[in-house]
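The residues making up each chain are set out below.
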Amino acid sequence: MRNFKNWLVIVMLISTSVIFAQTKLTGKVVDETNQPLPGATVVLQGTQSGASSDFDGNFTFETTSANGTILVSFVGYQTKSLSFNGNKDFGTISLDPSSESLEEIVITATSFAVDRKTPVAVSTIKAEAIEVKLGTQEFPEILKSTPGVYATKAGGGYGDSRINLRGFESNNIGVLINGVPVNDMENGRVYWSNWAGLADVTSAMQVQRGLGASKVAVPSIGGTINIISKSTDVVKGGNITMSTGNDGYKKYGATLSTGLMENGFAATVSAAKIYGDGYVDGTQFDGYNYFLNLSKEINDQHKISFTAFGAQQVHGQRYNRRTIAQNRATEAGGQRYNPDWGYKNGEVEHISYNFYHKPQMSLNHYWYINDNTNLSTAVYASFGSGGGRRTSGSKFNDVNYRIGDVDTPINFDKIVEENKANGALGSTDILSASMNSHQWIGILSTLKTELSDKLTLSGGLDGRYYVGSHWYEVKDLLGGQFFHNTNSSDNTYNQALKVGDRYNKDYDGKVIKGGIFGQLEYAYNDDVAIFLSSAISNTTYSKIDFMKYASDDPNRISDKADFLGYSVKGGANYNINETSNVFVNIGSFSKAPFLTGNVFQSTSSTTLNPDALNEKVFSAEIGYGYRSSNFAANLNVYNTSWVDKSLTGTVSNPDPEGDRLAYNIPGLDALHMGIEFDFRYNASDNLTITGMASLGDWKWKNDVTGTIFDEGGNALDDQTVDVYAKDLKVSDAAQTTFALGFNYNVLPTTFIYVDYNYAGNIYARYDINGRGLDDEGLIDREDSWEMPDYHLVDLGLNHKFAIGDFKATLNAKMNNIFDVVYVSDAFDGSSGNHDETDATVYYGAGRTFSVGMKIKF
């Protein structure tokens, strides 16, 4: 009996050791070019157990299962399944690109380009790279080493950055988040402060230059930026992040995921708090951002997902520019100088200030009808509210109302004292706000079916309804009893305005867009891929003005203006062999002008402009790609013709008592040509070198004449405005850019990187309608001031380590390490000299730094 008991104990011990034995699984996940895929998901099939690959694509995790199958996945790539029996090092796991894997994330009205298949010029930035290189930079600045991109902080306020792509501003760049367009429906602009926390939840970002692969019914001109947010994490867990930086920068955040539960439900929630003083004086900021994704796998055919995200923020701004001489005369030397703030009762006050909150929500339904056909649909909504600080009065820019010299802060207390002393005369100078709110709902739906093993047909609809409300509102009387409105065209003219009263403007703009699109794709033996797509859309504009028209005036409500647009584009990619491919694309489209463009005869009128035109674009591009185990490169040449661009603005009124007169100019043409090159070279197991070069030649092609209107929208027959633009350089973006980057693994868990960026051939922004005849009657054909070229170098470090059972990552980043003083943005002066003497400028940021840590659990 004793021997039996002994043997029983031994068997139980052996069994226990087997039960609790841990199987160790390791490997490295790479893409089709043998580049690491950081953040790839590796999960044990049928469980929530798994891990994510690190920046170098490596993963390690342990499981109690002695055998089974792991699933390796990454956004934009085919999921790969691999079996194991006991401990196993899978070695290098190469994933193949596929747009199919995005259909649960992106509403497929916009396509994520696939390497060596989609015939477009494209650059992709993955989540880990964004996390490593963002630091205190603005989200668009992550793209500054991308061909064709020029990104700056503009005035330097939090979220005030801007981006140009191939010379086109953001209103001609399609920006989409999870396939949903986010460009403003009235003017096409993108306000990055509304998406300040987007970098925290981005899974991948792709820049498609030129026509791109987007099937959305209203295309862009310069290109498309597709931002793919995190969906529901398959693996249960989360992280905590903390970072600090120059000028009081602080950020704290956390993410928590349930993982995919047995009932098919999963949730991921993320939130962060951010605040600081800002690099530029008087640009203090405070905000928070949030992200929520809830998903449910109903069955094998149906899945629903709800996503909500947004960022509420307030920040001081630098709006007014100064000349280089004026900036140099300041104590700060210009880089940090900001004339748009001061002190009121001991507290910081601003004359340029932004506050906004724009949450966006979408409900997505994915229906896998059969092995060949699927339908994806999203209903989305966005409700924005906020505004920007404005002023009325002249004292804010008067040197006599500064605390000291001209470069010191504004003395708001002196203005308050004088307004109080005015008594019954009211305030001469006040703070107001240009308020903007909107309600935007839309639907995107795409049906995709495989007609055969070679042909795939997709089509869908894109519908949007938008109402934007815009008004000026008195915010602070600065000690006075009221503000006397002297604007004779306002309904509140000659009234004593109090806080909350409206003046200057108060109108609703309505936009209704509807379109359908279709695309036919042909693929043969993985060597040939051809696509042909077309879309047609209608845009309806209308407007109701509450400020410029009496309540009983039938002209208060405008007529409706309809603009029919279309796009036709096609392309082909041919894989010559395993390393080389060529592609070509060509397309033409016609798109509606913006509501704030020349749809109405002036911004203060509801009278439609009978001469309003669609803008037309023709584009062609050819490219070559090379891929090997250690080297990848892309070369492409583009030609984009932009026809019938409209210009609007105001000119002085000959009557000194009258309001400024509006002008409307249709028919301006431009030609954007260029060549782009980028590469990635794995020089060794530890050293990777990247680089790019972009050479552009962007010019206006013709002179045009426009009509001048009075404040009532009536054309003045005897007055016109002439634009002499022919052969002038397109301004406001670097036509020549270079980048070079080095990434070196110092240790298995530590790497450093150095990034170099060059920008040149940058022409100061100018008032194109201001180009007229000089004193001798000659046309001014000289280009605007060519800003000085500049060179910037950034340095960073990433180190991974363990804190007990938790994985931690330390990031350190220094931008502009040599503290280069440079002009990033400029506006040409009015003297006609076209040089630095009277150009007004924004300086770019000097040396900045940040240190951050992430702890995963």
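Predicted model, so just to flag it, every value in this text is computed and none were measured. (Residues numbered from 1 in each chain as written. Predicted model: local features only at pLDDT ≥ 70, side-chain atom pairs only at ≥ 80, totals over all residues. Heavy atoms only, no water.)

1. Considerations on the overall build of the protein
- Helix and strand counts for the protein stand at four helices and 48 strands.
- Its C-alpha radius of gyration of 29 Å places the protein within 12% of the 29 Å reference for a compact globule of 857 residues.
- Judged by the C-alpha coordinates and their principal axes, the protein covers about 115 × 60 × 55 Å.
- Taking the contacts inside the protein whose residues are at least 6 apart along the sequence as the reference set, 67% of them involve residues at least 24 apart.
- Accessible surface computed for the protein: about 36100 Å², of which carbon and sulfur atoms make up 54%.
- Considering the protein, the positive charge centre built from 70 side chains and the negative charge centre built from 96 side chains are found 7 Å apart. (Helix = DSSP H or I, 4+ residues; strand = E, 2+ residues; numbered from the N terminus. Rg over C-alpha atoms; globule rule 2.2 N^0.38 Å. Contact = heavy atoms within 4.5 Å. Areas by Shrake-Rupley, 256 points an atom, 1.4 Å probe, with all protein chains shown as cover. Lys, Arg positive; Asp, Glu negative; His and termini not counted. Charge placed at Lys NZ, Arg CZ, Asp CG, Glu CD.)

2. Considering the sheet that holds strand 4 (residues 58–63)
- The three strands are arranged 4-1-7 in an open sheet whose pairing can be described as mixed. The open sheet has two edge strands with one neighbour each: strand 4 and strand 7 (88–94). In this sheet, adjacent strand axes meet at a mean angle of 20 degrees when their direction is disregarded. (Pairing = 2+ DSSP bridges. Axes fitted to C-alpha atoms, helices over the stretch in contact; angles between N-to-C directions.)

3. Observations concerning the packing of aromatic side chains
- Taken as a whole, this structure holds 21 aromatic pairs when the rule is applied.
- Their ring planes at 85 degrees and their centres at 5.7 Å tell us that Tyr-472 and Tyr-503 sit as a pair that is edge-to-face. With Tyr-472 in strand 28 (residues 455–476) and Tyr-503 in strand 31 (residues 502–524), this residue pair connects regions lying 31 residues apart in the sequence. Per residue, the accessibility class of Tyr-472 equals that of Tyr-503, and both read buried.
- Among the aromatic residues, ring-to-ring pairing joins Tyr-626, Phe-631, Phe-677, Phe-679 and Tyr-681 into one connected group.
- One cation-aromatic arrangement involves Arg-321 over Tyr-842; the distance from NZ or CZ to the ring centre is 5.8 Å.
- Just above the ring of Tyr-401 sits the side chain of Lys-414; from NZ or CZ to the centre is 4.7 Å. (Phe/Tyr/Trp six-rings, centres within 6.5 Å; stacked < 30°, edge-to-face > 60°. Buried < 20%, exposed > 50% of the residue type's maximum accessible area, 1.4 Å probe, protein only. Lys NZ or Arg CZ within 6 Å of the ring centre and 35° of its normal.)

4. Points about the confidence of the model for the protein
- For the protein, the average pLDDT comes to 89, and 93% of its residues sit at 70 or higher.
- Low pLDDT (under 50) marks residues 101–110, which in the prediction has 47 contacts with non-local residues, meaning those over four places away or in another chain. (pLDDT = per-residue confidence, 0-100.)

5. Topic: the side chain of His-315
- Note that His-315 resides in strand 19 (residues 302–316).
- A polar atom in the side chain of His-315 sits 3.1 Å from the backbone oxygen of Tyr-158.
- Non-local contacts of His-315, meaning those with residues more than four positions away in its chain, are made with Gly-157, Tyr-158, Asp-160, Ser-193, Gln-284, Phe-285, Tyr-353 and Asn-354. (Polar contact = N/O pair within 3.5 Å; in protein donor to acceptor, adjacent residues only side chain to side chain.)

6. Quick notes on the pattern of salt bridges
- All chains considered together, the criterion is met by 27 salt bridges.
- When the shortest N-O distance is used, the salt bridge between Arg-781 and Asp-703 registers 2.7 Å. Here Arg-781, found in the loop between strand 42 (750–763) and strand 43 (786–787), pairs with Asp-703, found in the loop between strand 38 (687–700) and strand 39 (704–709); they are 78 residues apart in sequence, far enough to count as distant.
- Residue Arg-781 is classed as partly exposed on the basis of its relative accessible area, which comes to 35%.
- For Asp-703, a relative accessible area of 32% corresponds to the partly exposed category.
- The network of salt bridges with shared partners includes Arg-162, Glu-169, Asp-732, Arg-765 and Asp-825. (Salt bridge = Lys/Arg side-chain N within 4 Å of Asp/Glu carboxyl O.)

7. What to know about the nonpolar core
- Core analysis: the largest hydrophobic core is formed by 42 residues, its most contacted members being Trp-700, Ile-768 and Trp-785.
- Ranked by the residues each element gives to this core, the list is headed by strand 37 (residues 661–682), at five residues.
- Judged by nonpolar contacts, the second largest core, of 26 residues, contains Leu-143, Val-149, Ile-163 and Val-190. (Core = buried A, V, L, I, M, F, W, Y, C linked by side-chain atoms within 4.5 Å.)

8. Re the environment of Leu-747
- Following the sequence through the fold, Leu-747 ends up in strand 41 (residues 734–747).
- Between the C-alpha atom of Leu-747 and that of Lys-800, which follows or precedes it by 53 residues, the distance is 9.9 Å.

9. Notes on a nonpolar patch on the surface
- Taken together, the side chains of Tyr-574, Ile-576, Val-582, Val-584, Ile-622, Tyr-624, Leu-635, Val-637, Ile-675, Phe-677, Leu-695 and Phe-738 define a hydrophobic patch exposed on the protein surface, amounting to about 950 Å² of accessible area.
- Elements with a minimum of two residues in the nonpolar patch: strand 34 (580–591), strand 35 (615–627), strand 36 (631–651) and strand 37. (Patch = residues over 30% accessible without salt bridge, like charges linked within 9 Å, V, L, I, M, F, W, Y side chains within 5 Å.)

10. A closer look at the sheet that holds strand 5 (residues 67–73)
- As summarised here, the arrangement of the four strands in space is 3-2-5-6, forming an open sheet in which the pairing is antiparallel. Each edge of the open sheet carries a strand with a single partner, namely strand 3 (50–52) and strand 6 (80–85). Geometrically, the sheet is characterised by an average inter-axis angle of 20 degrees between neighbouring strands, direction not taken into account.
- Relative to strand 3, strand 2 (residues 41–44) is paired through three bridges, and the arrangement is antiparallel. Residue Thr-41 lies in a different strand from strand 3, and its bridge partner there is Ser-52.

11. A look at the pairing of strand 41
- In this sheet, strand 41 lies alongside strand 38 in antiparallel orientation, the contact comprising nine bridges. Bridge pairing links Gly-691 to Leu-740 in strand 41.
- Across 12 bridges, strand 41 lies against strand 42 in antiparallel orientation. In the sheet register, Thr-736 faces strand 42, and the bridge partner there is Gly-760.
- Counting the residues that bridge the hairpin from strand 41 to strand 42 gives two residues.

12. Here's the deal with the environment of Pro-339
- Looking at where Pro-339 falls in the secondary structure, it is placed in the loop between helix 3 (324–328) and strand 21 (341–344).
- Considering only alpha carbons, one finds Pro-339 and Arg-318, 21 residues apart in sequence, at a separation of 7.3 Å.
- Those residues in contact with Pro-339 that lie beyond four places of it in its chain are Asn-320, Arg-322, Ile-351, Arg-402 and Ile-410.

13. Side note on the side chain of Thr-307
- Relative to the helices and strands, Thr-307 resides in strand 19.
- A relative accessible area of 5% places Thr-307 in the buried class.
- Setting aside residues no more than four positions away along its own chain, Thr-307 makes contact with Phe-291, Leu-292, Asn-293, Gln-360, Met-361 and Ser-362.

14. Some thoughts on the pairing of strand 10 (residues 162–165)
- Burial of strand 10 is two-sided: the residues Arg-162 and Asn-164 facing one way and the residues Ile-163 and Leu-165 facing the other way are all buried.
- Note: strand 9 (residues 149–152) against strand 10, four bridges, orientation antiparallel. Counted as the bridge partner of Val-149 is Leu-165 from strand 10.

15. Here we look at unusual backbone geometry
- Phi at Asn-525 is positive, roughly 55 degrees, even though this residue is not glycine.
- Inspection of the secondary structure assignment puts Asn-525 in the loop between strand 31 and strand 32 (528–545).
- Positive phi is not limited to glycine here, since Asn-816 has a value of about 50 degrees.
- Structurally, the position occupied by Asn-816 is in the loop between strand 45 (806–815) and strand 46 (823–827).

16. Quick look at helix 4 (residues 412–422)
- Taken together, the buried positions of helix 4 are Phe-412, Ile-415, Val-416 and Asn-419. End-on view of helix 4: buried residues confined to an arc of 100 degrees, all on one side of the axis. Residues of helix 4 that are exposed and angled more than 90 degrees away from the buried face: Glu-417 and Ala-421.
- Of the surrounding elements, those touching the buried residues of helix 4 are strand 21, strand 22 (347–350), strand 26 (410–411) and strand 27 (430–450).
- One side-chain oxygen at the N-terminal end of helix 4 lies 3.3 Å from the backbone nitrogen of Asp-413; it belongs to Asn-411.
- Positive phi shows up at Gly-423, right after helix 4, with a value of about 55 degrees. (Arc of directions from axis to C-beta.)

17. A look at the environment of Gly-570
- Of note, Gly-570 is situated in strand 33 (residues 561–575).
- Separated by 27 residues in sequence, Gly-570 and Gly-597 have C-alpha atoms that sit 29 Å apart.
- Other than its neighbours up to four places away in sequence, Gly-570 contacts Phe-531, Leu-532, Val-584, Asn-585 and Ile-586.

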